[in-house]
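Below are the chains, spelled out letter by letter.
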Amino acid sequence: MADQPLVIGFETSCDETGVGLVRGHTLLADALATSMAEHERFGGVVPEIASRAHLEAMVPTVHRALADAGATVDDVDAIAVTSGPGLTGALLVGVAAAKAYALALGKPLYGVNHLAAHVAVDELQHGPLAEPSIALLVSGGHSSLLLVPDLAQEVQSLGRTVDDAAGEAFDKVARVLGLPFPGGPPIDRAAREGDPRAIGFPRGLTGPRDAPYDFSFSGLKTAVARWVEARQRAGEDVPVADVAASFQEAVADVLTAKAVRACRDHGVDHLVLGGGVAANSRLRALAEERCAAAGIVLRVPSPRLCTDNGAMVAALGSRLVAAGVAPSSPDLGADSSLPIEVIRG
Amino acid sequence: MRREHVLPTPEDTHALGRALAELLAPGDLVVLVGPLGAGKTALTQGIGAGLGVREPVTSPTFVISRVHRGGRVPLVHVDAYRLGGVADVDDLDLDASTDESVTVVEWGEGLVERLTDEHLVVRLDRRDDDVRSAVLVPHGAGWERRLDAR
């Protein structure tokens, strides 16, 4: 194992400062610091505060990851960093740190795509990815269906959200229901007590003439808001558990139906889920059920690895090193809207 | 241009956005006001289409702001929904591009007006029957004239 390179990965695209260490497909350390508490204090995310929090957390998080792995900085063979997509100011902190380490250590630098890293992280748990695979990435900022012929070389976008991301719909519906931010976990919890068939919320872009792999969650969010407002106007109690369960069912239904269809249409029998929304219990259960029925092998990382972390960046970096992909240029920059097709920034 | 619009379908909201785009010039600030689901992103998609920007306009809630190029004028699409109450809009680093771009801000009322001398507010609303409405509210003599001229 020691003959495989030790790759360190930096993740700072949003609220989490993550540093991971990976050798081959083996996860050695996954240190995380979050600025969520600071943002909660201000009632929302403040980009400048996110950047400053990354700056303060960066070096201590690197030290923690190295200590957890029982390694020193001199053991590192390559440096990987999320160079996009994400918040520009936040990305810049990770990119600057990675460049500094690469320069100081004289080791190659790999700017990597945040979305591809969400796919790569599964290799740390379930071994090499079957290729081609279909990947469904769902988080607060993204909802994408990808065809992955070769994670180190080629990722194709099949579809994406045309308005709101799935996680964003969770956040906004949580606010409508008076649940805390981020909305995913509290809706998941509330839904356990509710009836998913209580309210028939709309399934966006599922008509016969709609784009088969694109998503739309804006109409669903609005439908929930309208339903709740009508109840409130009538002076009735809002059945939070039923609304949460019915909303969650609509999201899980559309996501899994389209993912399974993408597998079938492309003759692919492996599906990978990734991103924070992949931690949702109903999405996981329904994906399990539908994949089993369709003869598709489903791979879902544990919830801890679904959300943003440094391990996923190191995992993709490790993949790129193993595939002999050339490192990034030393003047690597942050690209807030890096296209998914660009695996190495 | 009429100040009040009834928008029965999302296509109508999109069309209003395209019509607004014809009035827009570099340096303009448009503030969109309205509840969840009133059509703010749909209107911005129309503005983007009218300006001819390349990338699809989707909700920027998560990334706070997104720049769309490739059109007659760059479109800076900002969503202040996730911003904290005390956030200083300077922290968004928007000033850098507001002079050369059209800046459209969702959920930004009371936060961003001082970016420019004048601005246009579009008040969007959603009725119980799901029909949307829009009211254009000019702030500044220049915007008054521009709306009257069309």
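Remember, it's a predicted structure, so these values are computed and weren't measured experimentally.

## Topic: the overall build of chain B
Point 1. Each helix and strand counted, chain B has four helices and seven strands in total.
Point 2. When its helices and strands are written in sequence order, chain B yields β-α-β-α-β-β-α-β-β-β-α.
Point 3. Here the C-alpha radius of gyration of chain B, 14 Å, is about what a compact globule of 150 residues would show, namely 15 Å.
Point 4. With 150 residues in all, chain B has 52% of them scored as buried.
Point 5. For chain B, contacts bridging at least 24 residues in sequence account for 62% of all contacts bridging at least 6.
Point 6. For chain B, the accessible surface area stands at approximately 6300 Å², while carbon and sulfur atoms represent 49% of it.
Point 7. Averaging the positions of the 17 positive and the 25 negative side-chain charges in chain B gives two centres separated by 5 Å.

## A few points about the domain arrangement of chain A
All names here are of chain A.
Point 1. As assigned here, chain A comprises domain 1 (6-121 + 309-322) and domain 2 (130-303).
Point 2. Here the C-alpha centroids of domain 1 and domain 2 sit 27 Å apart.
Point 3. At the interface, 13 residues of domain 1 touch 13 residues of domain 2.
Point 4. Both faces combined, the contact of domain 1 with domain 2 buries some 1100 Å², and carbon together with sulfur accounts for 75% of it.
Point 5. It is Leu115, Val119 and Arg319 that lose the most area in domain 1 upon contact with domain 2, and together they represent 47% of the buried surface on that side.
Point 6. Counting every contact that joins domain 1 to domain 2 gives two salt bridges.
Point 7. One can count two residue pairs in polar contact (both at pLDDT 80 or more) joining domain 1 with domain 2.
Point 8. Of all the secondary structure elements, the ones that give two or more residues to the side of domain 1 that touches domain 2 are helix H1 (36-42), helix H4 (114-120) and helix H12 (310-322).
Point 9. Of the residues forming the side of domain 1 that touches domain 2, the biggest block, six residues, is contributed by H4.
Point 10. Of the residues that constitute the side of domain 1 that touches domain 2, the class distribution is nine nonpolar, two polar and two charged.

## Some points on the pattern of salt bridges
Point 1. Under the criterion given, the structure shown has 21 salt bridges over all chains.
Point 2. For Asp28(B), the salt bridge identified is with Arg146(B), shortest N-O distance 2.3 Å. With Asp28(B) in the loop between helix H1 (10-23) and strand S2 (29-33) and Arg146(B) in helix H4 (residues 141-149), this pair connects stretches of sequence that are 118 residues apart.
Point 3. The class for Asp28(B) is buried, based on a relative accessible area of 9%.
Point 4. Shared partners join several salt bridges into a network, and the residues in it are Glu123(A), Glu131(A), Asp150(A) and Arg319(A).

## Considerations on the UniProt feature "binding site: Fe cation" (unreviewed entry) in chain A
Residues and elements named next belong to chain A.
Point 1. The sites that UniProt annotates as "binding site: Fe cation" (unreviewed entry) are His114, His118 and Asp308. With the annotated positions falling across 195 residues, the maximum pairwise C-alpha distance of 8.8 Å places them together in a single cluster.
Point 2. Among the structural elements, histidine 118 can be located in helix H4.
Point 3. Looking at histidine 118, the relative accessible area reads 3%, which means it is buried.
Point 4. Setting aside anything within four residues of it in sequence, one finds histidine 118 in contact with Leu137, Gly274, Gly275, Cys306, Thr307, Asp308 and Met312.
Point 5. Aspartate 308 sits in the buried class, given a relative accessible area of 15%.
Point 6. The contact partners of aspartate 308, leaving out residues within four places of it in the chain, are Glu11, Ser13, Cys14, Glu16, Leu32, His114 and His118.
Point 7. At 3.2 Å, the side chain of aspartate 308 forms a polar contact with the side chain of histidine 114.

Definitions and limits used
Residues numbered from 1 in each chain as written. Chains lettered and ligands numbered in written order. Predicted model: local features only at pLDDT ≥ 70, side-chain atom pairs only at ≥ 80, totals over all residues. Heavy atoms only, no water. Helix = DSSP H or I, 4+ residues; strand = E, 2+ residues; numbered from the N terminus. Rg over C-alpha atoms; globule rule 2.2 N^0.38 Å. Buried < 20%, exposed > 50% of the residue type's maximum accessible area, 1.4 Å probe, protein only. Contact = heavy atoms within 4.5 Å. Areas by Shrake-Rupley, 256 points an atom, 1.4 Å probe, with all protein chains shown as cover. Lys, Arg positive; Asp, Glu negative; His and termini not counted. Charge placed at Lys NZ, Arg CZ, Asp CG, Glu CD. Domains from an automatic or database assignment. Buried area = accessible area lost by both parts, 1.4 Å probe. Salt bridge = Lys/Arg side-chain N within 4 Å of Asp/Glu carboxyl O. Polar contact = N/O pair within 3.5 Å; in protein donor to acceptor, adjacent residues only side chain to side chain. Nonpolar A, V, L, I, M, F, W, Y, C, P; charged D, E, K, R; others polar. UniProt positions renumbered as here; feature names shortened; annotations may be inferred.

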